[in-house]
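Summary of structural features
Here are the chains, one letter per residue:
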Number of protein chains: 4
Amino acid sequence: MGGNHFGTIFTVTTFGESHGPALGCVVEGCPAGIPLGIDEISQELQRRRPGGGGPATTRIEADTPELLSGVFEGKTLGTPIAIMVRNTNQRSGDYDALKDVYRPGHADWTWEAKYGFRDPRGGGRSSGRETLGRVAAGAVAKAFLGEYGITIQAWTSSVAGIPVPDPEELGFDLEEREKNPLRIPHRETAAQVLGVIEQIRSAGDSAGGTVSCMVHGLPPGLGEPVFGKLDARLAGAMLSLGAAKGIEFGAGFAAAAGRGSTQNDQPIPASLQGLPREVPGVRYQSNQAGGMLGGISTGMPLEFRVAFKPVPSITKPQKTLDRRGLVRELIIQGRHDVCMVPRVVPVVEAMTALVLADLMLLHRGDRIGT
Amino acid sequence: MGGNHFGTIFTVTTFGESHGPALGCVVEGCPAGIPLGIDEISQELQRRRPGGGGPATTRIEADTPELLSGVFEGKTLGTPIAIMVRNTNQRSGDYDALKDVYRPGHADWTWEAKYGFRDPRGGGRSSGRETLGRVAAGAVAKAFLGEYGITIQAWTSSVAGIPVPDPEELGFDLEEREKNPLRIPHRETAAQVLGVIEQIRSAGDSAGGTVSCMVHGLPPGLGEPVFGKLDARLAGAMLSLGAAKGIEFGAGFAAAAGRGSTQNDQPIPASLQGLPREVPGVRYQSNQAGGMLGGISTGMPLEFRVAFKPVPSITKPQKTLDRRGLVRELIIQGRHDVCMVPRVVPVVEAMTALVLADLMLLHRGDRIGT
Amino acid sequence: MGGNHFGTIFTVTTFGESHGPALGCVVEGCPAGIPLGIDEISQELQRRRPGGGGPATTRIEADTPELLSGVFEGKTLGTPIAIMVRNTNQRSGDYDALKDVYRPGHADWTWEAKYGFRDPRGGGRSSGRETLGRVAAGAVAKAFLGEYGITIQAWTSSVAGIPVPDPEELGFDLEEREKNPLRIPHRETAAQVLGVIEQIRSAGDSAGGTVSCMVHGLPPGLGEPVFGKLDARLAGAMLSLGAAKGIEFGAGFAAAAGRGSTQNDQPIPASLQGLPREVPGVRYQSNQAGGMLGGISTGMPLEFRVAFKPVPSITKPQKTLDRRGLVRELIIQGRHDVCMVPRVVPVVEAMTALVLADLMLLHRGDRIGT
Amino acid sequence: MGGNHFGTIFTVTTFGESHGPALGCVVEGCPAGIPLGIDEISQELQRRRPGGGGPATTRIEADTPELLSGVFEGKTLGTPIAIMVRNTNQRSGDYDALKDVYRPGHADWTWEAKYGFRDPRGGGRSSGRETLGRVAAGAVAKAFLGEYGITIQAWTSSVAGIPVPDPEELGFDLEEREKNPLRIPHRETAAQVLGVIEQIRSAGDSAGGTVSCMVHGLPPGLGEPVFGKLDARLAGAMLSLGAAKGIEFGAGFAAAAGRGSTQNDQPIPASLQGLPREVPGVRYQSNQAGGMLGGISTGMPLEFRVAFKPVPSITKPQKTLDRRGLVRELIIQGRHDVCMVPRVVPVVEAMTALVLADLMLLHRGDRIGT
């Protein structure tokens with residue numbers, strides 16, 4: 001139940017510091033009998049890997065996962081699935097200059113205030129590199145959800161204030177999304193954003209953006225009232241990502257300015273074949289609710305959007321404090337993203353998968369006879 | 001660890017349906033020795049009570065709490081604190097017409113899809129009345145936090161798209177906030193909004209809005225990396241409120257459109273006397289981060305904003321489905337808020353208090369020797 | 001996850017002090033659709049009620065439960081089930097003499113060492129009266145298990161060193177068990193023990209004993225490796241009872257003196273119709289393992305035995321300390337059991353039911369497709 | 001919260017199968033600032049290592065631990081501590097003959113009934129080898145407890161029915177305990193038992209025994225009422241060990257046959273300097289309670305005893321079933337302990353350390369101002 005543990009039944013514990021020997025995760029509670037191989041895990045890790053060009057950091061890591069336990073003859077055993085990724089490219093020297101300085105926008109000082117000391121190499125455990133364990137665990141969760149036909153798709157929906165056209169309206173172009181380093185599913189916007197990012201890089205600055213996520217195939221009835229609601233669980237999951245500053249579901253903040261008569265989605269009859277239980281056929285004419293009512297899935301697509309602040313490591317000179325309380329001018333060097341939003345896309349998917357896998361298992365306990 | 005349980009050490013379990021015999025909570029893990037009386041609890045419950053005039057429902061409930069355990073001679077014992085509020089005004093008849101109909105925007109169908117059947121009286125447990133238990137528990141958490149000088153203040157920061165001026169800039173007028181039924185800490189805006197609400201009521205419609213919250217007095221170092229971050233815990237808490245559709249911390253969604261050079265708050269020297277542990281004196285020249293970095297409190301005020309959709313119960317005719325899958329015209333009667341945002345203000349405070357009380361206790365385990 | 005919370009999915013939180021306003025519980029995670037009424041709960045509470053004659057305390061309490069939430073039209077809703085029992089016979093005056101004295105064998109001093117102060121009336125929350133909430137919750141768990149044909153039967157298996165003949169060999173006489181105040185399922189032994197207890201009472205002393213428990217109808221496959229094993233969960237549950245000093249499963253301590261060749265139960269073919277999943281037909285020629293292997297149920301009857309120390313409240317004069325550290329002679333008055341083992345029988349059943357209900361729900365998550 | 005996760009704040013998750021790539025653990029919630037090196041971990045692992053001669057298995061494993069995270073410059077960071085041990089000597093071939101057979105006394109069939117299939121190599125995760133992760137985690141917990149002067153000592157207290165003299169009375173000979181392969185702290189008894197074990201080995205049979213454990217230096221006030229009592233937590237921890245069949249605290253089962261007048265330990269004045277909080281000076285003239293009252297530590301030594309059944313793998317021919325339900329004669333080969341009790345001694349210590357470390361941290365939340 002510590003801060004490094006996530007979930008109730010389908011759970012994950014992650015471990016590792018940015019420049020320590022290894023990072024990884026232990027997934028517990030994954031049901032037995034699910035086909036799982038190292039390739040699925042490796043593939044997801046490659047999606048978040050640095051070095052993909054474009055706005056990404058130039059640190060090169062192979063990020064090769066090793067499956068330590070929990071799988072036998074290609075299927076999950078029902079036992080903990082431990083996955084480890086060794087750090088191979090630990091240029092700690094880059095960080096020596098930073099070890100006595102609190103970088104603006106980073107967690108250096110807050111970790112020190114909390115624990116009394118910290119691992120200054122690359123931010124230690126507060127590094128975005130910690131998400132490796134999340135993505136590896138998310139790959140396991142995706143394999144589980146795949147058995148139910150549930151699919152999760154996230155994409156970069158804005159960068160530096162430039163919005164990406166709604167992929168639902170354009171027809172979602174998943175291939176395009178993975179073809180450009182920005183994970184923007186729209187070629188023209190991607191090209192425009194790349195240009196802006198280069199300007200920002202030249203100015204020694206950085207950019208933020210938003211990631212949108214859509215889930216198809218969810219059965220109705222997921223979510224644990226009242227504190228474990230579907231949106232509550234997802235919000236907790238997303239805001240646990242380092243640079244996340246906000247989340248909204250369906251119409252989100254716009255709903256707060258709307259009227260009941262326009263925000264209520266109208267139920268319509270539907271035939272819901274293939275559901276895990278017999279439910280009346282209800283769908284909705286619109287989806288302002290984002291796929292949930294009262295924190296329980298409606299069976300409509302799940303939709304949410306997460307805001308990420310700009311990368312705090314910028315090459316422009318900044319003023320800050322050192323450990324003695326003295327003001328220092330700081331010029332950050334080393335390998336850093338200008339905009340990490342594209343690399344966060346697979347992490348958002350992974351956290352979504354972890355939440356949904358857990359709720360799918362909890363769902364099994366909803367009723368007698370199920 | 002069920003969905004009705006919240007927290008890790010300082011925890012709460014709530015119970016009760018809208019029209020059942022009683023609602024309430026059990027608070028566990030509250031340290032011994034804290035002065036606590038029924039009056040503090042009662043006072044918070046009165047703040048969320050219906051019948052306050054203005055936009056609120058006209059259902060009249062006394063909402064008198066009873067303290068069943070955990071307090072002896074005016075101080076907490078360290079044992080579970082059970083608090084119960086009886087339902088006295090259960091006009092179930094109002095809801096007979098609704099028992100076979102899925103109200104748009106409500107959780108009727110999703111609860112039925114989940115559990116196979118539901119208590120249709122006033123939404124059963126999906127009713128906003130469930131928050132009674134949260135507010136009672138929050139009063140206990142506030143008493144605990146009060147021992148450390150931590151104060152929590154929420155207010156209505158927009159209604160139906162009308163923004164409320166920033167109370168920090170105006171000088172926060174707490175008295176004004178509690179003087180008007182909208183909990184808007186600015187008299188002129190309150191008057192304007194009341195007018196708009198009356199128009200919406202006349203039109204048979206409803207409104208949403210936002211609640212902002214600010215916490216002063218937090219020590220730096222609160223928050224449990226990596227999944228139990230301060231913002232992650234708060235986001236999970238806030239999105240567990242029935243009509244919440246989004247949350248943002250500090251600069252929030254605006255941060256996603258900004259640059260690193262402007263979003264990074266600059267650390268400045270400060271003398272931080274009275275902290276629970278020796279920390280270097282760090283404050284920040286601005287607070288775009290909303291009081292946290294890496295999900296750990298910085299010692300600056302905690303700031304966030306929550307979006308709530310309009311009340312789904314409107315008196316305008318709506319089309320919906322019944323349990324047989326037939327389309328029905330629905331005209332909702334009974335007692336309903338036009339805008340429940342003002343009544344959510346104490347609930348937002350309560351959930352904030354519960355998160356912070358838990359993190360304050362977890363904080364005690366951060367280091368050897370503390 | 002506090003100390004007053006038990007279980008993972010099917011959970012209970014208990015509350016209440018011996019002489020406070022009320023005691024009770026909140027059961028969370030009970031599936032929807034289970035028939036449940038106040039009578040089932042009341043009946044179990046009556047079994048642990050004082051005043052049944054024989055060795056029991058003479059405090060008279062009606063112990064009438066009230067169902068506050070979670071049940072609608074006679075069926076569980078899937079929401080928290082809160083049950084409350086008011087204390088009506090609070091002769092606190094009896095305890096005034098004890099408030100500054102640490103009674104030998106009681107938790108007076110340890111609670112004070114822990115919390116800094118305590119409710120001295122009847123032991124406060126350390127009173128056996130706390131088990132009211134457990135028994136009420138256990139009644140809910142029994143109703144759930146009843147849906148699967150699982151039955152739990154505990155009995156007094158020894159008192160003051162006098163063993164009770166094995167009911168399996170005699171043919172278990174459930175009626176006889178409930179006919180005598182000792183819950184000994186063998187009339188002659190019951191008569192003998194009653195005589196011994198009267199002698200002990202006359203001497204101003206008290207007696208301990210053991211409770212045995214047997215569960216029939218468990219499917220194979222229950223228990224969560226590796227820390228949540230069936231026996232681990234039951235051991236934790238039983239040792240959480242105030243006076244419990246030991247537990248053994250199957251052959252228990254005798255197994256430690258045996259040989260592998262005689263302790264191994266031999267698997268034999270069996271037709272296991274009616275199981276929830278297709279399992280090969282395995283039963284065992286003996287049951288030294290007590291119904292589990294590797295902490296997972298085998299499908300054989302579950303068997304264990306719990307040791308309880310004598311009631312620490314005796315009327316014989318004792319030497320002890322008071323809060324100032326001075327030696328005092330103590331003569332305890334008030335209403336006390338000579339031997340509380342018979343009243344513990346329904347509590348052992350309740351805790352067993354709570355463990356099994358939780359494991360039955362966790363079991364649903366074992367495999368894909370189940 | 002899965003079955004492979006243990007604890008509330010100071011927690012451990014273990015992973016790994018007997019013949020998989022690796023076993024290990026992730027320790028979460030260990031406070032920052034504790035000196036910790038690989039040597040302390042390695043040393044504890046060596047104590048449970050096979051190949052020590054005497055009754056142990058002849059499988060040879062180096063069991064070299066690797067520290068993957070959570071320690072920086074020789075001190076704990078407050079982040080998860082991941083420890084891994086690779087399996088190097090995986091003679092899976094030995095187990096081919098067993099993969100379709102349910103070994104008597106083993107968990108083969110119960111795991112298959114639970115998960116649908118299993119890793120048959122060496123029992124997979126049901127192997128005693130799983131305790132590697134527990135022992136590694138226990139080493140971390142011991143380092144934490146060492147900061148408070150708390151020491152844990154377990155020993156073999158009986159084998160095959162032969163009792164070991166009480167080390168308290170003899171003067172506990174820790175050196176002698178570690179000098180003989182049986183971990184019997186009494187040379188003459190050790191010699192006698194070794195002879196008996198050789199006879200049992202010759203007969204193709206195996207033996208069980210008991211492990212006793214004593215903890216010194218515990219402050220009073222540890223243990224979380226009512227379900228998380230000190231004895232409840234320890235009982236759950238010990239019965240989670242594969243072959244454990246019972247536990248007793250202090251006088252244990254003998255207490256059940258005693259009288260209140262002799263079982264009550266008499267409080268006596270004492271000066272308890274150096275405690276973490278000011279408590280009145282209370283000690284006890286005897287320790288039949290085993291160091292706890294009401295499940296909370298008294299400050300007296302903690303004492304308990306755990307019973308372990310004989311090793312189920314014996315070389316004598318046995319009858320059993322195969323997966324098709326056919327009776328088979330089974331002759332087990334491979335590398336097995338005749339009596340694994342001595343190797344369990346460090347595991348009992350490890351689990352004790354994990355329980356106590358967690359309770360020490362929870363203890364920090366008992367009162368305001370602490």
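For the structure itself, look to the data block above.
Residues numbered from 1 in each chain as written. Chains lettered and ligands numbered in written order. Predicted model: local features only at pLDDT ≥ 70, side-chain atom pairs only at ≥ 80, totals over all residues. Heavy atoms only, no water.

1. Things to note about the relation of the copies chain C and chain D
Screw-axis analysis of chain C against chain D gives a translation of 0.0 Å along the axis, an RMSD of 0.0 Å, and a rotation angle of 180°. Here the transformation between the copies is reduced to the relation of a two-fold axis. Scanning chain C for the C-alpha nearest the rotation axis identifies C:Gly236, at a separation of 2.1 Å. When you check the interface residues of chain C against chain D, 98% turn up at the interface there too, and the contact is symmetric in its surfaces. (Least-squares fit on C-alpha atoms with pLDDT ≥ 70 in both. Contact = heavy atoms within 4.5 Å.)

2. Details of the interface of chain C and chain D
Taken together, the 109 residues of chain C in the interface contact 107 residues of chain D. Summing the contributions of chain C and of chain D, the shared interface buries around 8000 Å²; its carbon and sulfur component is 63%. Sorting the residues of chain C by area buried against chain D places C:Trp109, C:Lys114 and C:Phe227 first, and these three jointly supply 12% of that buried surface. Linking chain C to chain D there are four salt bridges. Residue D:Lys114 pairs with C:Glu224 through a salt bridge whose shortest N-O separation is 3.0 Å. The biggest single contributor to the side of chain C that touches chain D is helix 2 (residues 108–115) of chain C, with seven residues. By residue class, the composition of the side of chain C that touches chain D is 50 nonpolar, 38 polar and 21 charged. Inspection of the sheet shows strand 12 (residues 244–249) of chain C paired to strand 11 (residues 244–249) of chain D by three bridges, in the antiparallel sense. In the sheet register, C:Glu248 faces strand 11 of chain D, and the bridge partner there is D:Gly246. (Buried area = accessible area lost by both parts, 1.4 Å probe. Salt bridge = Lys/Arg side-chain N within 4 Å of Asp/Glu carboxyl O. Helix = DSSP H or I, 4+ residues; strand = E, 2+ residues; numbered from the N terminus. Nonpolar A, V, L, I, M, F, W, Y, C, P; charged D, E, K, R; others polar. Pairing = 2+ DSSP bridges.)

3. Brief notes about the sheet that holds strand 12 (residues 244–249) of chain A
Pairing is antiparallel in the open sheet, where ten strands are placed in the order 10(A)-9(A)-11(A)-17(A)-12(A)-12(B)-17(B)-11(B)-9(B)-10(B). Only two strands of the sheet have a single neighbouring strand rather than two, namely strand 10 (162–163) of chain A together with strand 10 (162–163) of chain B. Bridge count between strand 11 (residues 209–216) of chain B and strand 17 (residues 302–308) of chain B: seven bridges; the pairing is antiparallel. For B:Val211, the partnering residue across the bridge sits in strand 17 of chain B and is B:Val306. Across the face of the sheet, helix 10 (residues 341–363) of chain A comes into contact with strand 9 (151–159), strand 11 (209–216) and strand 17 (302–308) of chain A while running at roughly 145° to strand 9 of chain A. (Axes fitted to C-alpha atoms, helices over the stretch in contact; angles between N-to-C directions.)

4. A closer look at the relation of the copies chain B and chain D
For the pair chain B and chain D, the superposition axis carries a translation of 0.0 Å, the fit reaches an RMSD of 0.0 Å, and the rotation angle comes to 180°. Of all interface residues in chain B, 100% are interface residues in chain D too; the two copies therefore contact each other through one and the same surface.

5. Some points on the nonpolar core
A:Phe308, B:Phe308, C:Phe308 and D:Phe308 are the most contacted members of the largest nonpolar core, which totals 340 residues. Residues within four places of A:Phe308 in sequence aside, it is in contact with A:Gly208, A:Gly209, A:Val211, A:Leu241, A:Ala243, A:Ala244, A:Met340, A:Val341, A:Val344, A:Val348, B:Ala255 and B:Ala256. (Core = buried A, V, L, I, M, F, W, Y, C linked by side-chain atoms within 4.5 Å. Buried < 20%, exposed > 50% of the residue type's maximum accessible area, 1.4 Å probe, protein only.)

6. Comments concerning the packing of aromatic side chains
As enumerated under the stated definition, the model contains 22 aromatic pairs over all chains in all. Seen from their ring centres, A:Phe144 and A:Tyr148 are 5.4 Å apart, and the 75° between their planes marks the pair as edge-to-face. Judged by relative accessible area, A:Phe144 falls into the buried class, the value being 0%. On the accessibility criterion, A:Tyr148 (32% relative accessible area) is partly exposed. With a centroid separation of 5.9 Å and 70° between ring planes, the pair formed by A:Phe253 and B:Phe253 is classed as edge-to-face. Within this pair, whereas A:Phe253 is found in helix 8 (residues 253–256), its partner B:Phe253 is found in helix 8 (residues 253–256), the two belonging to separate chains. (Phe/Tyr/Trp six-rings, centres within 6.5 Å; stacked < 30°, edge-to-face > 60°.)

7. Observations regarding the interface of chain B and chain D
At the interface, 17 residues of chain B touch 17 residues of chain D. For the pair chain B and chain D, the summed buried area comes to about 1300 Å², and 62% of that belongs to carbon and sulfur atoms. Counting the surface chain B buries against chain D, the share from its top three residues, B:Arg364, B:Gly365 and B:Ile368, is 43%. Inspection of the chain B/chain D interface yields zero salt bridges. For the interface between chain B and chain D, the tally reads seven residue pairs in polar contact (both at pLDDT 80 or more). Per-class residue counts for the side of chain B that touches chain D are nine nonpolar, four polar and four charged. (Polar contact = N/O pair within 3.5 Å; in protein donor to acceptor, adjacent residues only side chain to side chain.)

Honestly, that's just the spatial picture; any functional story needs more than this.
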